[in-house]
Amino acid sequence: MVRGYRAFKQFQQSGEGIATNILADRLRNLEAAKIITAEREAGDGRRLNYRLTAKGIDLAPVLLELLIWGARHENSDASCALIVQMEKSRQEILAETRKRWRERDSTPLIPRFDRKVAGSLAAGGRAARKR
């Protein structure tokens, strides 16, 4: 939803460290629950791209709150400045998420961070929050 991932390989390489069999099972379960749909790529019919359904995009407010909560309380790749911005502009982020979904635009809302840089940003943010 916010990273712009669509293909199995992108999910697999996202840094979550999820086993391929578990990822495949979760994608099947999300598809069975009609939260995502699998579509054949136009240029390569062997490749599937996953896309949120209308039911899936309706989860955006919940997922945004979980993302903010997780970044606030756990190690996160997102900088504290980004999380503060997300907290202050929830409605704008949700509107942009829905717009990109309607337009089938997979441009990431949240950029992928280098883990070393993200770790130092997150540590700095945790230290700032403790003050």
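Residues numbered from 1 in each chain as written. Predicted model: local features only at pLDDT ≥ 70, side-chain atom pairs only at ≥ 80, totals over all residues. Heavy atoms only, no water.

Draft legend 1. Layout of the environment of Arg6. In this structure, Arg6 sits in the segment before α1 (8-12). Judged by its relative accessible area of 35%, Arg6 falls in the partly exposed class. Spatially, the C-alpha atoms of Arg6 and Leu48 are 8.2 Å apart, while their sequence positions differ by 42 residues. Once you skip the residues sitting within four places of it in the chain, Arg6 turns out to touch Phe11, Leu48, Asn49, Tyr50 and Ser106. (Helix = DSSP H or I, 4+ residues; strand = E, 2+ residues; numbered from the N terminus. Buried < 20%, exposed > 50% of the residue type's maximum accessible area, 1.4 Å probe, protein only. Contact = heavy atoms within 4.5 Å.)

Draft legend 2. Focus on a nonpolar patch on the surface. On the surface, Met1, Leu59, Val62, Leu63 and Leu66 cluster together into a nonpolar patch covering about 400 Å² of accessible area. Relative to the elements of secondary structure, Met1 occurs in the segment before α1. You can call Met1 partly exposed: its relative accessible area is 37%. (Patch = residues over 30% accessible without salt bridge, like charges linked within 9 Å, V, L, I, M, F, W, Y side chains within 5 Å. Areas by Shrake-Rupley, 256 points an atom, 1.4 Å probe, with all protein chains shown as cover. Salt bridge = Lys/Arg side-chain N within 4 Å of Asp/Glu carboxyl O.)

Draft legend 3. Geometry of the nonpolar core. Val2, Ala60, Leu64, Ile68, Ala71, Leu82, Ile83, Met86, Ile93, Leu94 and Ile110 together form the largest nonpolar core, which totals 11 residues. At the level of secondary structure, the elements contributing two or more residues to this core comprise α4 (60-73), α5 (80-88) and α6 (90-102). Among the elements that take part in this core, α4 stands out by supplying 4 residues, more than any other. The next biggest cluster of nonpolar side chains, apart from the first, holds 7 residues, and it includes Leu23, Ile35, Ile36 and Ile57. (Core = buried A, V, L, I, M, F, W, Y, C linked by side-chain atoms within 4.5 Å.)

Draft legend 4. Up close: the side chain of Ser14. Within the secondary structure layout, Ser14 lies in the loop between α1 and α2 (20-32). With a relative accessible area of 9%, Ser14 lands in the buried category. A distance of 2.8 Å separates a polar atom in the side chain of Ser14 from the backbone oxygen of Phe11. (Polar contact = N/O pair within 3.5 Å; in protein donor to acceptor, adjacent residues only side chain to side chain.)

Draft legend 5. Structural detail: α5. Along α5, the residues classified as buried are Cys80, Leu82, Ile83 and Met86. Mapping the buried residues of α5 onto a view down its axis gives an arc of 160°, with all of them on the same face. Facing away from the buried surface of α5 by more than 90 degrees, the exposed residues are Ala81 and Lys88. (Arc of directions from axis to C-beta.)

Draft legend 6. The arrangement of the packing of α4 against α5 in detail. One way to put it is that α4 packs onto α5 with a least axis distance of 10 Å and a crossing angle of 145°. Handedness of the α4/α5 crossing: left-handed. Every residue of α5 that contacts α4 at Leu64, Leu67, Ile68, Ala71 and Arg72 is listed here: Ile83, Met86 and Glu87. By residue class, the composition of the contact of α4 with α5 is 6 nonpolar, no polar and 2 charged. (Axes fitted to C-alpha atoms, helices over the stretch in contact; angles between N-to-C directions. Left-handed = near helix turned anticlockwise from the far one by under 90°. Nonpolar A, V, L, I, M, F, W, Y, C, P; charged D, E, K, R; others polar.)

Structural measurements only, silent on function.
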